[in-house]
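So the chains spell out like this:
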Amino acid sequence: MIEAASLCVGQTANPVERRPLSSEQVSKFSKANNALRQSLQALADDPDLNKFLGHLLVEMARQFETNSSAVFVIERLQRRLLPHLIYDKGHLIRGEDSDHPTIRNPRLLAADDPVWLTFCRGQPVIRHNPQSDTTRGWTEAHRAYYTEKGITGILNVPLAFGSEVIGTLAIQFRDQRTIDQEMVDLAETFGLQATVAFQLIKMAEQSKQIAIANEKAAELGKANEALRGCLDALASVPELDEFLGLVMGALTRQLGAASSVLRMRNFEEDVLTLDLVYQEGRVMTPAEAKYPVDLQAVPVDKRQLNLLQQPATVLHLLDPSVGMPEKFRTYLLGLGVKTSLVVPLRLGGKLVGSVTFRFTEDREFSPEEIEIARALSSQASLAIQLTRLAKGARQSAVLAERNRMAGEIHDSLAQSFVGISMHLDAAEAAPTKAKGLPNIRRANELARFGLAEARRSVLSLRSGIQPGGLVKAIQQLIERSNVPGILRCELQLEDIPDERIPSQVQHEVVRICQEAISNAVRHAKSTVITTSLVWNAPDLTLKVTDNGSGISASRLEQTAGFGMANMRARAEKLGAKLQIETSVGRGTSIIVTLPISS
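Predicted model, so just to flag it, every value in this text is computed and none were measured. (Residues numbered from 1 in each chain as written. Predicted model: local features only at pLDDT ≥ 70, side-chain atom pairs only at ≥ 80, totals over all residues. Heavy atoms only, no water.)

Student: Just give me the short version of the side chain of S260, but keep the residues and values in it.
Tutor: Mapped onto the elements, S260 comes out in strand β7 (residues 259-266). Among the polar contacts listed, one links the side chain of S260 to the side chain of T252, at a separation of 2.6 Å. Each residue touching S260, except ones within four places of it in the same chain, is listed here: M248, T252, L276, V277, Y278, T356 and F357. (Helix = DSSP H or I, 4+ residues; strand = E, 2+ residues; numbered from the N terminus. Polar contact = N/O pair within 3.5 Å; in protein donor to acceptor, adjacent residues only side chain to side chain. Contact = heavy atoms within 4.5 Å.)

Structure (structure tokens):
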């Protein structure tokens, strides 16, 4: 690994006495100068600096009449040399692709190692017999490498930029020769060119990295802008389905995709169902996009789960072996799609869908592009979650309204129908039609009243309290509940401050009273029902007592009738306390205590 380092220790070339140059030496230097000029011209003409380094290695091997040379880079922090480019028997090989032992078994030197310190002084060094030398720390792998290559000597010159040694240039010989000072000087001249080229490569790489970083920053800036736009849209669009469409558009434009599709997971059937298609600059339904019906649902099978377990998956459709059903592949190729980027959508760790971006070119994606796609796709997950919550809220609201209307209809009509039934029974039992006529008239009045209540409920209007307030409403309720000879309803009132009781509270109290009377008549077979309304500031207390059959405590706990549940729900809504006092054969009392805030 460290042929240059180990050469540094005490084996620098001996000084050579300067003598007049022979015609042979003049010819040699002339060729060397010509080679250097060609190298400099190559550096000026070829923008690929690695190619220039390769040209330099070839020229250097030619000048030294050998067929092996290399350039090594120094990693100062790790204190090691690594091959960057190797020329061997007519071939240029990148360091990482070579069979040099340093690649497989890097060797680290201690900071105070004499070999390392000598190398860092930047001295040219000559090394003989690398196949058998065991004195300079070369491993058996190094000696075997040089033996296999037939290398019998090495000349190293440092690549120093300013005071920093950045690498070494190595000329490797396969014969026994004497290396004189002229050879060392020539090698150092090549080393200077290699240093310049190497530093330019580093600067180019740094510039490239800066350009890439700037490009990434610009991409991230656009991604952040897209995210911000999505969040702004969330605050402005009236419908969350529209927000989901805006997110799909933003994702597709940001990634430069030709189109995209959103699939949602149907957990009951365990399939991914096509939900939205974004193409031609707008969101479409699958029908608008003319998406084949038989391709709109994808089973969540083992293959699909494996695909969607990845953070993102790139599918190259031009590859016949791509992990995709042939029918899908054929359809997408027909649209001009060559690459698909599939990003799973997850909520709470659960797979809820996927977004697929479609591209008309066969392309790869950088890790940054994948991360941007995932970050933007999280907006789709947010939109899906919000849409689900909104739909759930709407369903809850519909359910609550349905229950409210059912309660209104039940509480208003049940009592009316009970009264109608009792009056008709009384009329039928009357000895003459004349005596039964008042009961029929009363049943007719109750029917008209019940019809009006039903209409108000269907129109989602509160029945409200008639002029006169709570007291008058309770009085009318008791009056309508009386059936002479069958049911006597009595009312006990104290001074009730109607003006202090909100109209909605009055309405709920009337409905509870109505349901309590209806239950007493229908289930307890009562003949007398007494209702009292008492004001004991700040509490308003309603008590409905009947003389019916009553009910046992155990049976009361099991009773789950709509009427009883509705009374409890109304009391809970008001923040009131509802008590039921009953026992078998001793009647029932419904007591509601409601605090009225000042």
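Student: Residues and numbers for the packing of aromatic side chains, please.
Tutor: A full pass over the atoms with the stated rule returns four aromatic pairs. One cation-aromatic arrangement involves K350 over F267; the distance from NZ or CZ to the ring centre is 5.4 Å. The lysine or arginine in question, R363, covers the ring of F359, its NZ or CZ lying 5.1 Å from the ring centre. (Phe/Tyr/Trp six-rings, centres within 6.5 Å; stacked < 30°, edge-to-face > 60°. Lys NZ or Arg CZ within 6 Å of the ring centre and 35° of its normal.)

Student: Explain the packing of helix α13 (residues 469-481) against helix α14 (residues 503-522) to me, and be specific about the residues and the numbers.
Tutor: Taken N-terminus to C-terminus, the directions of α13 and α14 make an angle of 20 degrees; their axes are 10 Å apart at the nearest point. With respect to their mutual orientation, α13 and α14 come out roughly parallel. Considering the relative orientation of α13 and α14, their crossing is right-handed. Facing α13, whose interface residues are G469, L470, A473, I474, L477, I478 and S481, α14 presents Q506, V509, V510, C513, Q514 and I517. Here the contact of α13 with α14 is composed, by residue class, of nine nonpolar, four polar and no charged. (Axes fitted to C-alpha atoms, helices over the stretch in contact; angles between N-to-C directions. Parallel < 35°, antiparallel > 145°, perpendicular 65-115°, else oblique. Left-handed = near helix turned anticlockwise from the far one by under 90°. Nonpolar A, V, L, I, M, F, W, Y, C, P; charged D, E, K, R; others polar.)

Student: Mind laying out the pairing of strand β11 (residues 313-316), listing which residues take part and the relevant values?
Tutor: The side chains of a regular strand alternate, residue by residue, between the two faces of the sheet. Here β11 shows a buried face lined by T313 and L315 and an unburied face lined by V314 and H316. Where β11 and strand β12 (residues 339-347) come together, four bridges link them in antiparallel fashion. Its bridge partner lying in β12, L315 is registered against S340. (Buried < 20%, exposed > 50% of the residue type's maximum accessible area, 1.4 Å probe, protein only. Pairing = 2+ DSSP bridges.)

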